Amino acid sequence: MGSFKLGRMTLRSLFKKPETVLYPVEKRYEPEGLKGHIAVDIKKCTMCGVCQKRCPTGAITVDKEAGTWTINRFDCIQCRTCVRDCAFDCLTMEPGYQKPATEKFSATETKPEPTDEELAEKARKEAEKAARVKAALEAKAAREKAAKEAEGQ
Amino acid sequence: MGKAQVIPFGPQHPVLPEPIHLDLVVQDETVVDVLPQIGFIHRGLEKLVETHDIHQYIYVAERICGICAFGHSMGYAETVERLMNVEVPKRAEYLRVIMHELSRIHSHLLWMGLAADAFGYESLFMHTWRLRERVLDIFEAVAGGRVILSYTLLGGVTNDVDEPMLAHIKDVLAGMKKEYNELCNAFLKDTSVKNRTVGVGTLSQEEAIEYGIVGPFARASNVNNDVRCIGQGAYGELSSFEPILDTDGDCYARVKVRALEVLQAIDIINELIDKIPGGPILNPVKGAPEAGSEASGILEQPRGEVYYYCSGNGTKNLERMRIRTPTSQNIAGMTMALKGCDLADVNMIVLSIDPCISCTER
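Sequence order as written defines the numbering, with residues in each chain counted from 1. Following the order in which they are written, the chains are lettered starting with A and the ligands numbered starting with 1. In keeping with the predicted nature of the model, local features appear solely for residues at pLDDT of at least 70, side-chain atom pairs appear and are counted solely at 80 or more, and the whole-chain, interface and lining totals rest on all residues.

Attention now moves to the overall build of chain B. Helix and strand definitions here come from DSSP, where helices need a minimum of 4 consecutive H or I residues and strands a minimum of 2 consecutive E residues; each element is numbered from the N-terminal end. What chain B contains, in helices and strands, is 12 helices and 8 strands. The size measure is the radius of gyration over C-alpha atoms, and the globule rule it meets is 2.2 Å times the number of residues to the 0.38 power. Over its C-alpha trace chain B gives a radius of gyration of 21 Å, about what one expects of a compact globule, namely 21 Å for 362 residues. Each of the three principal axes of chain B carries a C-alpha extent, and together these read 70 × 45 × 35 Å. Comment: burial labels come from other C-beta atoms within 10 Å of the residue's own C-beta, placed from the backbone, where a count of 20 or more is buried, 12 or fewer is exposed, and between is partly exposed. The buried share among the 362 residues of chain B stands at 49%. Taking the intrachain contacts of chain B between residues at least 6 apart in sequence as the baseline, contacts between residues at least 24 apart amount to 70%. It is the C-beta atoms, placed from the backbone, that decide contacts: two residues are in contact if theirs lie within 7 Å.

Each domain span listed reflects an automatic or database assignment of domains. Domain assignment breaks chain B into domain 1 (1-42) and domain 2 (45-199 + 275-333). Computed from C-alpha coordinates alone, the two centres of domain 1 of chain B and domain 2 of chain B are separated by 30 Å.

A separate point is the sheet that holds strand β7 (residues 304-312) of chain B. Residue and element names in this part refer to chain B. Judged by pairing direction, the sheet is antiparallel, and its 3 strands sit side by side in the order β6-β7-β8 without closing on themselves. Each of the sheet's edge strands pairs with one partner strand only, and the pair in question is β6 (294-301) and β8 (318-324). Ignoring strand direction, the axes of neighbouring strands in this sheet form an average angle of 15°. All axes here are fitted lines through C-alpha atoms, helices being fitted over the stretch that makes contact, and every angle between N-to-C directions spans 0 to 180 degrees. Relative to the sheet, helix α2 (residues 69-83) contacts β6 and β7, its axis offset from that of β6 by approximately 150°. Any two strands between which DSSP finds at least two bridges are classified as paired.

Another point: the domain arrangement of chain A. Frequently, the measure chosen for interface size is the accessible area that the parts lose on association. The domain architecture assigned to chain A consists of domain 1 (30-112) and domain 2 (113-153). The C-alpha-based centres of domain 1 of chain A and domain 2 of chain A are spaced at 38 Å.

Within a predicted model, pLDDT stands for the predictor's per-residue confidence, ranging from 0 to 100. With 97% of its residues at a pLDDT of 70 or more, chain A shows a mean pLDDT of 85. Here strand β5 (residues 106-110) of chain A stands out as the least confident element of chain A, with mean pLDDT 80; helix α3 (residues 81-85) of chain A is the most confident, with 89.

This brings us to the interface of chain B and chain A. On the chain A side, the residues contacting the 21 residues of chain B number 18 residues. The set of elements that each furnish at least two residues to the side of chain B that touches chain A consists of α4 (122-143), α5 (163-189) and α6 (191-197) of chain B. In terms of residues, the side of chain B that touches chain A owes the most to one element, α4 of chain B, which gives 6 residues. Under the scheme applied here, ten amino acids are nonpolar (Ala, Val, Leu, Ile, Met, Phe, Trp, Tyr, Cys and Pro), four are charged (Asp, Glu, Lys and Arg), and all others, including Gly, are polar. Residues of the side of chain B that touches chain A, tallied by class, amount to 4 nonpolar, 11 polar and 6 charged.

Residues and elements named next belong to chain B. It is the contact of helix α3 (residues 90-118) with helix α9 (residues 251-275), at a shortest axis distance of 9 Å, that shows an interaxial angle of 155°. It follows from the interaxial angle that α3 and α9 lie roughly antiparallel. Seen from above, α3 lies across α9 with left-handed handedness. Here α3 contributes Tyr94, Val97, Ile98, Glu101, Leu102, Arg104, Ile105, His108, Leu109, Trp111, Met112 and Ala115 to the contact with α9, which in turn contributes Val255, Arg258, Ala259, Glu261, Val262, Ala265, Ile266, Ile268, Ile269, Leu272 and Ile273. Per-class residue counts for the contact of α3 with α9 are 18 nonpolar, 1 polar and 4 charged. For this classification, under 35 degrees means roughly parallel, over 145 means roughly antiparallel, 65 to 115 means roughly perpendicular, and everything else is oblique. Left-handed describes a crossing whose near helix is turned anticlockwise from the far helix by less than a right angle; the clockwise case is right-handed.

Moving on, we get to unusual backbone geometry. In terms of backbone geometry, most residues other than glycine have negative phi values and most peptide bonds are trans. The omega torsion across Tyr23 of chain A and Pro24 of chain A is 5°, close enough to zero to call that bond cis. Position of Pro24 of chain A relative to the elements: it lies in the loop between α1 (7-14) and β1 (37-40). One non-glycine residue, Arg80 of chain A, adopts positive backbone phi at about 70°. Looking at the secondary structure, you find Arg80 of chain A in the loop between β3 (68-72) and α3. Of note, the phi angle at Asp354 of chain B is positive, near 55°, even though the residue is not glycine. Take Asp354 of chain B: it is sitting in the loop between α11 (346-352) and α12 (357-361). With 26 C-beta atoms packed within 10 Å, Asp354 of chain B lands in the buried category.

Residues and elements named next belong to chain A. Across the sheet, which stays open at both edges, the 3 strands sit in the order β2-β3-β5 with antiparallel pairing between neighbours. Each of the sheet's edge strands pairs with one partner strand only, and the pair in question is β2 (60-63) and β5. Pairs of neighbouring strands in the sheet enclose a mean axial angle of 15°, with direction left out of account. Note: β2 against β3, 4 bridges, orientation antiparallel. Pairing of Thr61 across the sheet is with Thr70, part of β3.

Turning our attention to the confidence of the model for chain B. All names here are of chain B. On average, residues of chain B score 87 in pLDDT, and 100% of them are at 70 or above. For chain B, the element scoring lowest by mean pLDDT is α6, at 83; α2 scores highest, at 91. Reported for the predicted complex are a pTM of 0.85 and an ipTM of 0.75.

Another aspect to go through is the packing of α2 of chain B against α3 of chain B. Residues and elements named next belong to chain B. In contact at an axis separation of 8 Å, α2 and α3 are set at 145° when each is read in the N-to-C sense. In this structure, α2 crosses over α3, and the sense of that crossing is left-handed. Between α2 and α3, the contacting residues are Phe70, Gly71 and Met74 on the first element and Arg96, Met99, His100 and Ser103 on the second. Residues belonging to the contact of α2 with α3 are distributed by class as follows: 3 nonpolar, 3 polar and 1 charged.

Bringing the environment of Thr61 of chain A into the picture now. All names here are of chain A. Position of Thr61 relative to the elements: it lies in strand β2. Sequence separation between Thr61 and Asn72 is 11 residues, and the spatial gap between their C-alpha atoms is 8.6 Å. If we ignore the near neighbours within four places in the chain, the residues touching Thr61 are Gln52 and Thr70.

Right, let's get into helix α10 (residues 326-338) of chain B. All names here are of chain B. Multiplying 1.5 Å by the helix residue count minus one yields the expected span of that helix. An ideal rise of 1.5 Å per residue puts 18 Å on 13 residues; α10 measures up with 18 Å between its terminal C-alpha atoms. Two axes enter the bend calculation: one fitted to the seven residues ending at the residue in question, the other to the seven starting there, and the bend is the angle between them. At Ala332, α10 shows its largest bend, some 30°. Listed as buried for α10 are Pro326, Thr327, Gln329, Asn330, Ile331, Gly333, Met334, Ala337 and Leu338. Directly beyond the C-terminal end of α10, a positive phi value near 90° is found at Gly340.

Right under this line is the structure:
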């Protein structure tokens, strides 16, 4: 029994730095993995729509035709489901919270039109793929022909 | 004796963090009867299993209550894993229990702060919440969130905790323990605390068993109903576990049980961090629960035993999800503890069961 059991701790607090920070002049340290907001690397995005399908709150909308990726940051609950499920690693969770606003709005990212270099690269890859397919088909036909000839003999 | 009068208490009351309404029948400043009323914060979260699949429902489950957020996601995940016969990797079980015990520390510190505020000891309240911040900082560094963690997944956890981080958690808890012992000294030995709590709202062991109360409220009346004793998950790997009991059954005993449970949780976390095995942290759950399958699970949350029930219907959505929470069990015991007390002690007794109305109404 007795009073002033907290006296020592309270006295110590008099000579210590305050526990709180002087926001907004001073800001709290944000750890690396802080779930602030979703960022998208739209160049990598293939518009597959998995993020839209898995999002528990329906905050993401992907329009493949228009090439847009839209997120309503006020509906997003920072659960990281889209970041985990994205097969192309184009979504990341970054520190920094969405600032408050008087009404909800969406942020849209538009997939940029491919440049001439990218188009040329795509055409080259497609030509390579077509050549590979053609070679494989020819090889298959040759194998089948050889097998038939072997059977005939 | 004077005439009996009815005094409404809540749902908006300075001592209550959440809305519960009590009709107090008082006679000469003594409470003779109590009629509780709930239903101010019902959100229909159990119904949402019909629109959210088993993976998405985790995020709904952890929004049932802000303080037991991690516990609800863990309890739900364990029950669905049992429904689908999924084995959780050992490391994930350890990480879940470490996080769950950390949330017990933060929940008890929050309650102790609120109790100090209720009996008018403002500096004790401030110091208790100052310590609680350190646990929230650990959550922020590990899971990226302070209250809603989204750390549990079906079949494991979202991200691993590396060795330096585990060592950091141990360091923080060691620093906290030193200061916490000083706080405990104030909570358990200060005259001003004892004046408000000793002999107030007494509930005997027989009454506690009769009203089916759970959690620290029951343990303060010497009823051992700590579900952790069963040894589910990583709790089974502890070298020894003794629940904290008290025999007095008054508000002081409830403060004491919670105060000592924080120290016990720190010991559990230290032991599990020493023993944590390596290996994977996630065993991905694929497919859907079979039609007609049923599973249930229990978990000791900061406020007491929570019971989960799930049934599947062959689709990605569950057929039914049911949660029985500790406060719905404890309200009957609370009304009995309130009978015969002084009007001025009502707030202390109501707070001493650590009511969580969000959990109760869902």
